[in-house]
Amino acid sequence: MSGLLAGKRLLVTGVITDASIAFSVAKLAQENGAQVVLTGYGRLSLVERIAKRLPEPAPVIELDVTNQEHLAGLADKVREHVDGLDGVVHSIGFAPQSCLGGGFLDAPWEDVATAVHVSTYSYKSLAMAALPLMSAGGAVVGLTFDATKAWPVYDWMGVAKAGLESASRYLALHLGKRGIRSNLVAAGPLRTIAAKSIPGFEQFEDAWAERAPLGWNLTDQEPAARACLALLSDWFPATTGEIVHVDGGYHAIGS
């Protein structure tokens, strides 16, 4: 077996369609020598069908990251397919419609709490659920959207992503003593299912197309997926608490 992730065992969350970043991560990981286990939530049969489109059909475990029973049983379910984990990919985010599209001032706490639970706290929850399977050299990698700025229409999801970025740094702090890294990839806007649920998302598309120094392909998930693979590999052994921007350079350019 050869490849960047030869012999690695990965848990990849967030595969909804083959247009998702998570699917691209799983596909490239397999092509680079990794064993992959997927998680799904809700329409599990859909995720199972998508899993068959990978180079090697991957097993799918049901996981609701807000369900404590699911989290408590995750390690045992993963052990049915692999004997441990070298990496975990967090590609999970959700906010009720009231929290997006300009509703920042009116969104009720109940909806904001849901957004934070699913999009922020779940990063720690998933890492801890997988921790019994991990050892020194392991890595947790999540996906964010640059939360250093306030974006039109992103609203409370932007707040949740800011929390995610902070949570990754704290996870790096607390898991570092175990030799486990925590890093994020800040991808530019992509036409995923999640993006389509954000009213006014085309504002991001137009801005990136005009200003990203390297240009930006709204339908190409592979650059973000490659960054995830690099962070999961042994090529970043001393990097943790980091955010790698994969956005065509947009974040570096002044407005």
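Looking at an unreviewed UniProt entry, one finds the protein named Enoyl-[acyl-carrier-protein] reductase [NADH] and attributed to Micromonospora narathiwatensis. Taken directly from UniProt, the Catalytic activity (unreviewed entry) text for the protein runs: "a 2,3-saturated acyl-[ACP] + NAD(+) = a (2E)-enoyl-[ACP] + NADH + H(+)". Recorded under Pathway (unreviewed entry), the UniProt text for the protein is reproduced unchanged: "Lipid metabolism."

Participant: Please clarify how the side chain of threonine 39 should be interpreted in this entry.
Facilitator: Mapped onto the secondary structure, threonine 39 falls in strand β2 (residues 35-40). In this view, threonine 39 contacts Leu11, Val12, Thr13, Gly14, Val15, Val47, Val60, Ile61 and Leu63; residues no more than four positions away in its chain are not counted.

Participant: What should I look at first to understand the packing of aromatic side chains in this one?
Facilitator: The geometry of two aromatic rings is summed up by the distance between their centres and the angle between their planes. This structure, assessed with the given rule, holds seven aromatic pairs. For the pair tryptophan 151 and tryptophan 208, a centre-to-centre distance of 5.5 Å together with 40° between the ring planes defines the contact as tilted. With a gap of 57 residues between them, tryptophan 151 in the loop between β5 (139-144) and α5 (155-175) and tryptophan 208 in helix α7 (residues 202-211) connect regions that are remote in the sequence. With respect to burial, tryptophan 151 and tryptophan 208 carry one shared label: buried. Aromatic pair tryptophan 208 and tyrosine 250: ring centres 3.7 Å apart, planes at 10°, arrangement stacked.

Participant: What exactly am I supposed to notice about unusual backbone geometry here?
Facilitator: It is generally the case that most residues other than glycine have a negative phi and that most peptide bonds are trans. The phi dihedral of valine 153 falls on the positive side, at around 70°, and the residue is not glycine. Mapped onto the elements, valine 153 comes out in the loop between β5 and α5. Valine 153 gets classed as buried once you look at its relative accessible area, which sits at 12%. Although it is not a glycine, aspartate 155 sits at a positive phi angle of roughly 45°. By secondary structure assignment, the location of aspartate 155 is in helix α5.

Conventions adopted
Residues numbered from 1 in each chain as written. Predicted model: local features only at pLDDT ≥ 70, side-chain atom pairs only at ≥ 80, totals over all residues. Heavy atoms only, no water. UniProt positions renumbered as here; feature names shortened; annotations may be inferred. Helix = DSSP H or I, 4+ residues; strand = E, 2+ residues; numbered from the N terminus. Contact = heavy atoms within 4.5 Å. Phe/Tyr/Trp six-rings, centres within 6.5 Å; stacked < 30°, edge-to-face > 60°. Buried < 20%, exposed > 50% of the residue type's maximum accessible area, 1.4 Å probe, protein only.

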